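Each chain, written out:
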Amino acid sequence: DGITYGEGASALKQLYFTLGADDFQEGLQRYFEAYAFKNTAIADFFRKLGEASGQDLVRWNQLWMLTPKPNWVRASWTCGIQEKTGKSVLSELKLQQGPDGEIRPHHMQVGLYRVKNGSFEKIERAVKKGRKIEKEIVIAQLTQPVTIIEEPETIACPDFVVPNQEDWDYIRVLFDPKSRDVAEKNLSRIPDSLTRQLVWRSLWEELIQGPSEGQAP
């Protein structure tokens, strides 16, 4: 059924992104080698992945596989003027997770965009490496009800923020008021088809289910 197979696949996708491709594949190889032609339990699967990655996944298994209802995430941010450059950059970027009492670890990309005349320009973190400035995707690891992104001043001020860019996580996305307004007015103009689909789905879920606790209608 849709719940069993859909949510199970989404949890594996999140685990893959959390551990990284190499550790995840190494864990799978160890699992299949150890239990070929044998009966196993889900604890065996997570134990082998934990051995390969050096992480204790017992708690992850409990929270993700044995706890009902998905979490939601919502971004909030403020911007300021950088003294050295005079450019508008982030002064704070926060991700809030809910509902209260049901917090899980989440690992996700955060999409940030500058929007002008309906045109979307993707923003990435500007990181100085030697004499070069390289661009990096903003990655967030959520382990608390509120997660503050480090070094926000390396990110230009956005008009539109999309938590769970690329859909690596299994989580309901709630838009902040500014991002919701941008999405409603420019949905068809979002250039990336996957991002456009994720935004559309989030807006539809909010319409059908209503705002979650702590969010104004």
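Up top you'll find the structure we're talking about.
This report concerns the structure included in the present document.

### Looking at the overall build of the protein
- Within the protein, the regular secondary structure consists of six helices and ten strands.
- Along the three orthogonal principal directions, the C-alpha set of the protein runs to about 60 × 50 × 30 Å.
- Here the protein, with 217 residues, has 41% of them falling under the buried criterion.
- Total accessible area computed for the protein in this model is approximately 12700 Å², and 52% of it derives from carbon and sulfur atoms.
- Across the protein, the centroid of the 28 positively charged side chains sits 5 Å from that of the 31 negatively charged ones.

### Observations regarding the pairing of strand β4 (residues 119-123)
- Sheet topology note: the strand β3 (residues 106-116)/β4 ladder contains five bridges and is antiparallel. Note that in β4 the partner of Lys-116 across the bridge is Ser-119.
- Counted along the chain from β3 to the antiparallel partner β4, the turn is two residues long, and its residue Asn-117 has a positive phi close to 55°.

### Things to note about the packing of aromatic side chains
- In this structure the tally under the stated criterion is 14 aromatic pairs.
- When the centroid spacing of 5.4 Å and the interplanar angle of 65° are considered together, the rings of Tyr-31 and Phe-32 count as edge-to-face.
- You can call Tyr-31 buried: its relative accessible area is 14%.
- Owing to a relative accessible area of 54%, Phe-32 belongs among the exposed residues under this scheme.

### Overview of the nonpolar core
- One finds Leu-95, Leu-112, Phe-160 and Val-199 to be the most contacted residues of the largest nonpolar core, which totals 30 residues.
- Broken down by secondary-structure element, the contributors of at least two residues to this core are β1 (72-81), β2 (88-98), β3, β4, β7 (138-142), β9 (160-165), α5 (177-186) and α6 (193-209).
- The element contributing the most residues to this core is β3, with five residues.
- Dropping the residues within four chain positions of it, Leu-112 is found in contact with Leu-90, Leu-93, Glu-121, Lys-122, Ile-123, Val-138, Ile-155, Pro-158, Phe-160 and Val-161.
- Judged by nonpolar contacts, the second largest core, of twelve residues, contains Leu-19, Phe-45, Phe-46 and Leu-49.

### A short note on the sheet that holds β2
- What the four strands build is an open sheet, ordered β8-β2-β1-β10; its pairing is mixed. Single-partner strands in this sheet number two, and they are β8 (146-148) and β10 (172-174). Between one strand axis and the next, the sheet turns by 25° as a mean value, whatever way the strands run.
- Note: β1 against β10, three bridges, orientation parallel. Within the sheet, the bridge partner assigned to Val-73 lies in β10 and is Val-173.

### Some remarks on unusual backbone geometry
- In this chain, Gly-98 is followed by Pro-99 through a cis amide linkage whose omega measures 0°.
- Topologically, Pro-99 is positioned in the loop between β2 and β3.
- Backbone geometry places Asn-164, a non-glycine residue, at a positive phi of 65°.
- The phi angle at Glu-166 is positive, at roughly 75°, despite the residue not being glycine.
- By the secondary structure assignment, Glu-166 is in the loop between β9 and β10.

### Description of the pattern of salt bridges
- Under the definition given, this model contains eight salt bridges.
- A salt bridge links Arg-180 to Glu-206, with the nearest nitrogen and oxygen atoms 3.0 Å apart. With a gap of 26 residues between them, Arg-180 in helix α5 and Glu-206 in helix α6 connect regions that are remote in the sequence.

### Regarding the environment of Lys-69
- The topology assignment puts Lys-69 in the loop between α4 (58-65) and β1.
- With residues near it in sequence (within four places) discarded, Lys-69 still touches Glu-102 and Arg-104.

### Here we look at helix α3 (residues 42-53)
- For α3, spanning twelve residues, the distance from its first C-alpha to its last is 17 Å, which sits close to the expected 16 Å at 1.5 Å a residue.
- Residues Asp-44, Phe-45, Phe-46, Lys-48, Leu-49, Gly-50, Ala-52 and Ser-53 constitute the buried set of α3.
- Of the residues flanking the end of α3, it is Gly-54, one or two places downstream, whose phi is positive at about 75°.

How each quantity is defined
Residues numbered from 1 in each chain as written. Predicted model: local features only at pLDDT ≥ 70, side-chain atom pairs only at ≥ 80, totals over all residues. Heavy atoms only, no water. Helix = DSSP H or I, 4+ residues; strand = E, 2+ residues; numbered from the N terminus. Buried < 20%, exposed > 50% of the residue type's maximum accessible area, 1.4 Å probe, protein only. Areas by Shrake-Rupley, 256 points an atom, 1.4 Å probe, with all protein chains shown as cover. Lys, Arg positive; Asp, Glu negative; His and termini not counted. Charge placed at Lys NZ, Arg CZ, Asp CG, Glu CD. Pairing = 2+ DSSP bridges. Phe/Tyr/Trp six-rings, centres within 6.5 Å; stacked < 30°, edge-to-face > 60°. Core = buried A, V, L, I, M, F, W, Y, C linked by side-chain atoms within 4.5 Å. Contact = heavy atoms within 4.5 Å. Axes fitted to C-alpha atoms, helices over the stretch in contact; angles between N-to-C directions. Salt bridge = Lys/Arg side-chain N within 4 Å of Asp/Glu carboxyl O. Expected span 1.5 Å × (residues − 1).

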